[in-house]
Amino acid sequence: MTERGANPIIHWLEDGTAFEARWRSHSDAPPATRVVVADGKMTADEAYGLACQGTALLWRGDFQEARQMLTALGKRADRPQRRSRTSAATSLAGTSTINSADAFHLYRQARSQRARTLNSILIPLNDDYSIPLRRAPDIRQACVEAYGPAETASVTSLRALLGVIGAHEWRTKGIEIPEAGGRIHPHFGVFAPIRREYVDLIATTPLPAACASASVAFDIGTGTGVLAAVLARRGIERVVATDLAPRALACASENVRQLGISERVDVVEADLFLEGRAALVICNPPWIPARPSSPMENGIYDPDSRMLRGFLQALPGHLTPGGEGWLILSDLAEHLGLRTRAQLLEEFEAAGLRVLGRNDVPPRHPRASDKADPLHHARAAEITSLWRLATLNEEPKVLSKFLVGPQVPPLAHR
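Residues numbered from 1 in each chain as written. Predicted model: local features only at pLDDT ≥ 70, side-chain atom pairs only at ≥ 80, totals over all residues. Heavy atoms only, no water.

Explanation requested: the sheet that holds strand 15 (residues 319–330) in the structure shown.
Overall, mixed pairing links the seven strands, which are arranged 13-12-11-14-15-17-16 in an open sheet. Only two strands of the sheet have a single neighbouring strand rather than two, namely strand 13 (265–269) and strand 16 (353–361). Adjacent strand axes in the sheet meet at a mean angle of 20 degrees, parallel and antiparallel pairs treated alike. Where strand 11 (residues 216–220) and strand 14 (residues 278–283) come together, four bridges link them in parallel fashion. When the sheet's bridge partners are listed, Ala-217 is paired in strand 14 with Leu-280. Sitting on the sheet, helix 9 (residues 306–314) is in contact with strand 11, strand 14, strand 15, strand 16 and strand 17 (384–391), with an inclination near 165 degrees to strand 15. (Pairing = 2+ DSSP bridges. Helix = DSSP H or I, 4+ residues; strand = E, 2+ residues; numbered from the N terminus. Axes fitted to C-alpha atoms, helices over the stretch in contact; angles between N-to-C directions. Contact = heavy atoms within 4.5 Å.)

Can you help me understand empty space enclosed by the protein in this one?
Over the atoms, a rolled probe matching the size of one water molecule traces out where space is still vacant. Under the criterion given, the structure shown has one cavity of 30 Å³ or more. Approximately 30 Å³ is the volume found for the largest cavity. Listed by contribution, the elements that provide at least two residues to the lining of the largest cavity are strand 15, helix 11 (341–350) and strand 17. Split by residue class, the lining of the largest cavity holds three nonpolar, two polar and three charged. (1 Å grid on protein atoms, 1.4 Å probe; cavity = no way out; pocket = protein on both sides within 12 Å on 5 of 7 lines; lining within 4 Å. Points joined across faces, edges and corners; volume = space filled by probe spheres on them. Nonpolar A, V, L, I, M, F, W, Y, C, P; charged D, E, K, R; others polar.)

Sorry if this is basic, but what is going on with the environment of Glu-65 here?
Inspection of the secondary structure puts Glu-65 in helix 2 (residues 63–93). Given a relative accessible area of 31%, Glu-65 falls into the partly exposed group. Remark: the alpha-carbon pair of Glu-65 and Arg-134, spanning 69 residues in sequence, is separated by 9.5 Å. (Buried < 20%, exposed > 50% of the residue type's maximum accessible area, 1.4 Å probe, protein only.)

Looking at this structure, I do not really get the packing of helix 4 (residues 140–147) against helix 5 (residues 158–173). What am I missing?
A pair of packed helices is captured by two measures, namely the crossing angle of their axes and the spacing between those axes. Taken N-terminus to C-terminus, the directions of helix 4 and helix 5 make an angle of 95 degrees; their axes are 9 Å apart at the nearest point. The orientation of helix 4 with respect to helix 5, classified from their angle, is roughly perpendicular. Here helix 4 contributes Gln-141, Ala-142, Cys-143, Glu-145, Ala-146 and Tyr-147 to the contact with helix 5, which in turn contributes Leu-161, Val-164, Ile-165, His-168 and Arg-171. Residues that form the contact of helix 4 with helix 5 fall into these classes: seven nonpolar, two polar and two charged. (Parallel < 35°, antiparallel > 145°, perpendicular 65-115°, else oblique.)

What is the right way to read helix 1 (residues 44–52) from this model?
Count 3.6 residues to each turn of an α-helix, and residues three or four apart come out pointing the same way. Listed as buried for helix 1 are Ala-44, Ala-47, Tyr-48 and Ala-51. Buried residues in helix 1, looked at end-on, bunch into an arc of 100 degrees, giving them a common side. Positive phi shows up at Gly-54, right after helix 1, with a value of about 90 degrees. (Arc of directions from axis to C-beta.)

So what exactly am I meant to see when it comes to the packing of aromatic side chains here?
Counted by the stated rule, this structure contains six aromatic pairs. With centroids separated by 6.5 Å and ring planes inclined at 45 degrees, the aromatic side chains of Phe-104 and Tyr-301 adopt a geometry described as tilted. Taken together, the residues span a long stretch of sequence, with Phe-104 in helix 3 (residues 100–118) and Tyr-301 in the loop between strand 14 and helix 9 at a distance of 197 residues. Of the two residues, Phe-104 and Tyr-301, both sit in the buried class. Centroid distance Tyr-198 to Trp-287: 6.5 Å. Interplanar angle 85 degrees. Geometry classified as edge-to-face. With Tyr-198 in helix 6 (residues 197–204) and Trp-287 in the loop between strand 14 and helix 9, the pair connects residues that are 89 residues apart, well separated along the chain. Comparing Tyr-198 with Trp-287, the two get one shared label, buried. Directly above the ring of Trp-170 sits Lys-173, whose terminal nitrogen or CZ lies 5.8 Å from the centroid. (Phe/Tyr/Trp six-rings, centres within 6.5 Å; stacked < 30°, edge-to-face > 60°. Lys NZ or Arg CZ within 6 Å of the ring centre and 35° of its normal.)

As structure tokens, then:
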């Protein structure tokens, strides 16, 4: 691989001639060093064998055949994935059980390997993002939204391209959130509010009494701006929504304008907090304390709980007297053995915070009832909570009654 500026270049031979193009990957994955040209004449077994060896397949011919090949590779990848996960679980456990944290890491390893295999099918893009293949869809607008204005010919994985198309469809249709006053349109790379639990919690928890005299709220890590919109619709006169990601800032700003609440919601670039205080400060950080494998996972994984700890430690300095911090957090990490309830409460206390209360909702997403999911035991038991936090004062500490959290038994070895 060579690079021109910040753009990686992918190289391949075709009919004895050397070619190169810009490599596009929103996961920051480097381009393959071995590339062969493929089309519908290649069998799925041949393609799978090359993919497992790290060889990429630059597709020529028919776009729909490329999609069929991707499906075929997925079926082949899933069969050895189940066997390898079981084998690895046996070697790690050494007994008849495996703990939840090990199971989670094995699950992520298997998913990562599967992604590498499926990302082996490559699609060429012209310098206007059109696809030079038969029966290819017009994805030019979707690519502009994901990659910016077209500049030169490029190559990307079919799997990534389908993600770009899906993101464009989400952005076009939007997601109806009545509590926000209409549809939220997530942009490519911005976590979409498809889970209703945290929206419901923000919409139904009684506002702090301090909001009556100081109707200002902060939404830390706003993403699409959905929770800022919910607060504005609940009557908060001024909401300051912060984020650090350029895509999120553009997305939240657009949603605020489309919902007609620009006079109430300010979208501002900041790493967590700006200066100032508010009667209500909310935050819905990534729930899993683990390292993301790509920028697309930043809305799910929070390495070393950086965002969670940063929010908690700074919160007391940004609350008005009588103000509350609302932390939205799933206990999935506790069921996975990645964090304990006691550790979470210790973080509250170390930050100078006390717990006023906690509102809980069970999961309603489909994966909670999918018994074929390797993490089903954790997803089915998951609870999403809104923790009401305030600064410590002379009142007795109330941490003990919130100590009860999920117990994490070892997984029965299958």
